[in-house]
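Results of the structural survey
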Amino acid sequence: MLIGAFAYNAQAQQAVGRPESLQRFKTSTTMVVLSANPLLEYNSQIEEAVKKHWDISKYDIVRFSTDEFEKARRDSSKSFLIKNTVYNDKDKTKSKFDYLCVELGGDYDYIRQMPDIASVPICYNGVEESSYGYKLGLLCRFLQNHLKLTMENPKLNTKNILKYYNSQMADIHDKILYLVKEELAPDLNTEAQIKAIYPYKFKITTREEVEAAIDRKDPNVVLLHKVGPEGTRKRDVRCYKAIIGASDAHLYYFSWHMISDKAKEGMLAKDFQKLAKAKKK
């Protein structure tokens, strides 16, 4: 088994930790778990991202053997930033996605019992690391902001957290929406097509420019984070879509759809329409 790549059932896209779990996290040391495969680019990508962007807790960057992880995960003074392969039991296809998760150690019989206090989908399991590696710094910052938000607002929970985030989607109207062409649907990927639906500022750009906006924490930029099977023609698979601020790492929009002949992988017209029609609270 590769540590950081075990599969388990995940029912919620946005985990919210219980108050007692969040309090325990505050005093923990976070183990940033590398893959046991030293050849994976993910290892260098997450190490660089954490060094640049992780400041919510003390951390150690580690590569565990299976036995070492089994011992470490039972330590209640430790938390773990770890890549997990998960599936949703409501998805009949049992398609697997890789999530970046913050979990707590403790004396739990099974790995799946470890409290997941923050998580975000990063890719469809098996896609090229280049499709998501440039965004890992932002996703690390999102997880930290999500933890701070839920610590400070105990009324937020797994049932209402997405409603809270999506209620602020109109705030992106004052920013530039960065869209990487590879993350757009093949039938909605030109400036003219998007402008006809979404009248606010946007830019179809490159992965390198997105990464630069993340690193400089550009307050004028929000960006699309799309998670899907990357054009493999898979159908009946979930496509996740998130819009996150390059500066504040705030989640302004989160949605998903099942990929089909009529609903291609990427942002759909109805996503842009929803964003365009959003009203400020």
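Before reading on, note that the structure itself is shown above.
Residues numbered from 1 in each chain as written. Predicted model: local features only at pLDDT ≥ 70, side-chain atom pairs only at ≥ 80, totals over all residues. Heavy atoms only, no water.

**Observations concerning the overall build of the protein chain**
Stated precisely, the cut-off is as follows: Strands here mean DSSP runs of E at least two residues long; helices mean DSSP runs of H or I at least four residues long; both are numbered from the N terminus. The globule rule is 2.2 Å times the number of residues to the power 0.38, and the radius of gyration it is compared with is taken over C-alpha atoms. In this analysis, two residues are considered to be in contact whenever any of their non-hydrogen atoms come within 4.5 Å of each other.
Looking only at helices and strands, the protein chain has eight helices and 11 strands in total. A compact globule built from 281 residues should have a C-alpha radius of gyration of about 19 Å, and the protein chain, at 18 Å, falls within 12% of that. By principal-axis analysis of the C-alpha atoms, the protein chain measures approximately 55 × 40 × 35 Å. Summarising the internal contacts of the protein chain: among those between residues at least 6 apart in sequence, 71% fall at separations of at least 24.

**Some thoughts on the packing of helix 2 (residues 41–53) against helix 4 (residues 136–152)**
The condition that has to hold: The angle between two axes is taken between their N-to-C directions and runs from 0 to 180 degrees, where each axis is a line fitted to C-alpha atoms and a helix contributes only its stretch in contact. Orientation labels follow simple angle bins: below 35 degrees gives roughly parallel, above 145 gives roughly antiparallel, 65 to 115 gives roughly perpendicular, and whatever is left gives oblique. Two helices crossing with the near one rotated counterclockwise from the far one by less than a right angle form a left-handed crossing, whereas a clockwise rotation gives a right-handed crossing. The residue classification treats Ala, Val, Leu, Ile, Met, Phe, Trp, Tyr, Cys and Pro as nonpolar and Asp, Glu, Lys and Arg as charged. All others, Gly included, are polar.
The geometry of helix 2 relative to helix 4 is characterised by a closest axis approach of 8 Å and an angle of 50° between their N-to-C directions. In terms of axis orientation, helix 2 runs oblique to helix 4. The two elements helix 2 and helix 4 cross, and the hand of that crossing is right-handed. Contacts between helix 2 and helix 4 involve Tyr 42, Gln 45, Ile 46, Ala 49, Val 50 and His 53 on the former and, on the latter, Leu 136, Gly 137, Cys 140, Arg 141 and Gln 144. For the contact of helix 2 with helix 4, the residue count by class is six nonpolar, four polar and one charged.

**Topic: unusual backbone geometry**
The backbone of Lys 217 shows a phi angle near 50°, a positive value even though the residue is not glycine. Topologically, Lys 217 is positioned in the loop between helix 7 (207–215) and strand 9 (221–227).

**Some remarks on the sheet that holds strand 8 (residues 202–205)**
What counts, and what does not: Here the rule is simple: two strands pair whenever DSSP picks up at least two bridges between them.
Reading across from one edge, 8-7-9-10-11 is the order of the five strands in this open sheet, with mixed pairing throughout. The open sheet has two edge strands, strand 8 and strand 11 (251–258), and neither has a second partner. Taken over all neighbouring pairs, the strand axes of this sheet differ in orientation by 20° on average, direction set aside. Sheet analysis places strand 10 (residues 238–245) next to strand 11, joined by seven bridges and oriented antiparallel. Paired with Lys 241 across the bridge in strand 11 is Ser 255. Each of strand 7 (176–180), strand 8 and strand 9 touches helix 7; the most contacted strand, strand 7, lies at about 140° to it.

**So, helix 2**
Stated precisely, the cut-off is as follows: How far a helix is expected to stretch is found by multiplying one less than its residue total by 1.5 Å. Using a 1.4 Å probe on the protein chains alone, a residue whose accessible area is under 20% of its type maximum counts as buried, one over 50% counts as exposed, and one in between counts as partly exposed.
In this model helix 2 runs 18 Å from its N-terminal to its C-terminal C-alpha over 13 residues, within 8% of the 18 Å that 1.5 Å per residue would give. Residues of helix 2 that are buried include every one of Tyr 42, Asn 43, Gln 45, Ile 46, Ala 49, Val 50 and His 53, and no others. If you follow the buried residues of helix 2, they end up packed against strand 2 (29–33), strand 3 (58–62), strand 4 (78–87), strand 5 (97–104), helix 4 and helix 7.

**Things to note about the nonpolar core**
Formally: In these notes, a set of buried Ala, Val, Leu, Ile, Met, Phe, Trp, Tyr and Cys residues joined through side-chain atoms within 4.5 Å is what counts as a nonpolar core.
Formed by 66 residues in total, the largest nonpolar core has its most connected members in Phe 25, Ile 46, Leu 81, Leu 100, Val 102 and Leu 147. Sort the elements by how many residues they give to this core and helix 4 lands first, with nine residues. Discounting chain neighbours no more than four positions away, the residues touching Leu 147 are Leu 22, Phe 25, Ile 56, Val 102, Ile 117 and Ala 118. Ranked by size, the runner-up nonpolar core spans 20 residues in total, among them Tyr 198, Val 222, Tyr 253 and Met 267.

**Focus: the pattern of salt bridges**
Think of it this way: side chains of opposite charge can pair up when their charged atoms draw near. Let me state the cut-off plainly: Basic side-chain nitrogens of Lys or Arg form a salt bridge, by our definition, when they fall within 4 Å of a carboxyl oxygen of Asp or Glu.
Per the counting criterion, the structure on display carries 14 salt bridges. Between Glu 48 and Lys 52 there is a salt bridge, with its nearest N and O atoms 3.2 Å apart. With a gap of four residues between them, Glu 48 and Lys 52 both fall in helix 2, about one helical turn apart. With a closest N to O distance of 3.2 Å, Glu 230 and Lys 226 form a salt bridge. Assessed through its relative accessible area of 29%, Glu 230 is described here as partly exposed. For Lys 226, a relative accessible area of 3% gives the class buried. Within the structure, one salt-bridge network assembled from shared partners comprises Glu 70, Arg 73, Arg 74 and Asp 107.

**Overview of the state of the cysteines**
Here is the rule we go by: Here, a disulfide means two cysteine sulfur atoms that sit within 2.5 Å of each other.
Applying the stated criterion across every chain, the model contains zero disulfides. The thiol sulfur of Cys 123 is not disulfide-bonded, and the nearest other cysteine sulfur, from Cys 101, lies at 12 Å. On the accessibility criterion, Cys 123 (3% relative accessible area) is buried.

**What about the environment of Phe 80?**
Within the secondary structure, Phe 80 is located in strand 4. With 12 residues separating them in the primary sequence, Phe 80 and Glu 68 have C-alpha atoms 13 Å apart.

**Details of the side chain of Gln 45**
The residue Gln 45 is located in helix 2 in this model. In this view, Gln 45 contacts Glu 129, Tyr 132, Gly 133 and Leu 136; residues no more than four positions away in its chain are not counted.

**Let's talk about the pairing of strand 6 (residues 116–124)**
Counting buried positions over the nine residues of strand 6 gives eight, a clear majority of the element. Pairing analysis gives seven bridges linking strand 5 to strand 6, with the strands arranged antiparallel. Paired with Cys 101 across the bridge in strand 6 is Ser 119.

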